[in-house]
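Reading the structure
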Amino acid sequence: PKYLNLAGSQGRGAIFNGDAIGEHTAILITEGGFDTALAGQIVQQHDMSAVSFGSASMQPDARLLDRLRHAERVYLLLDADEAGQQQARYLQDQLGERAVALRLPDGQDLTDFVMGGGDLLRLLSMADSQPWWRDGVPDHTRSALLNYFQPSTAPVIELVNEAVRKGALN
């Protein structure tokens, strides 16, 4: 196995590199310790810390979530599989607008992405400018679309927003 724990131990609340949370205003959450160690080398000079809960099945406890809520920004870069994306949705719900989910290519984790030539810093820099709304098109925007554009514009924007949010469009 990749990771070993003491028999009977509980991983809830444990975090790899968790001491770094208070040091920086931005946090990058990855899925595993190896991904976190690699990411930490890349982002450390950009006022950011990389941390991990160990796996996508580990849920952070309330104390840890509270610490993450004090970060200016929390980037979620979990594996592209269903477990990773489910954890990203959970953390977004818990952390609100300060959490930004990023998506890796299907079948890759962060180490695969970087070792395959992916640019982590570029991916992070594009994160805050993503042209989509996490909770759907806001009512005021939808109203403006319906009032000032062709009737088909609002549904098209809704569909494009949903496709971008789910990673079907970049």
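Look up a bit, the structure's there.
Residues numbered from 1 in each chain as written. Predicted model: local features only at pLDDT ≥ 70, side-chain atom pairs only at ≥ 80, totals over all residues. Heavy atoms only, no water.

1. Brief notes about the pattern of salt bridges
Per the stated rule, a full pass over the model turns up three salt bridges. Of the charged contacts, one joins Arg-89 and Glu-82 as a salt bridge, the two residues approaching to 2.9 Å between their closest N and O atoms. Between Arg-142 and Glu-158 there is a salt bridge; the shortest N-O distance is 2.5 Å. Linking Arg-142 in helix 6 (residues 139-148) with Glu-158 in helix 7 (residues 153-165), this pair joins segments that are 16 residues apart in sequence. (Salt bridge = Lys/Arg side-chain N within 4 Å of Asp/Glu carboxyl O. Helix = DSSP H or I, 4+ residues; strand = E, 2+ residues; numbered from the N terminus.)

2. So, the packing of helix 2 (residues 62-69) against helix 3 (residues 82-95)
Contact pair helix 2 / helix 3: the axes reach a minimum separation of 10 Å and the direction vectors enclose 70 degrees. In terms of orientation, helix 2 lies roughly perpendicular with respect to helix 3. Two packed elements cross with a definite hand, and for helix 2 against helix 3 that hand is right-handed. Within the contact between the two elements, helix 2 uses Leu-65, Leu-68 and Arg-69 and helix 3 uses Tyr-90, Leu-91, Gln-94 and Leu-95. Residue composition of the contact of helix 2 with helix 3, grouped by class: five nonpolar, one polar and one charged. (Axes fitted to C-alpha atoms, helices over the stretch in contact; angles between N-to-C directions. Parallel < 35°, antiparallel > 145°, perpendicular 65-115°, else oblique. Left-handed = near helix turned anticlockwise from the far one by under 90°. Contact = heavy atoms within 4.5 Å. Nonpolar A, V, L, I, M, F, W, Y, C, P; charged D, E, K, R; others polar.)

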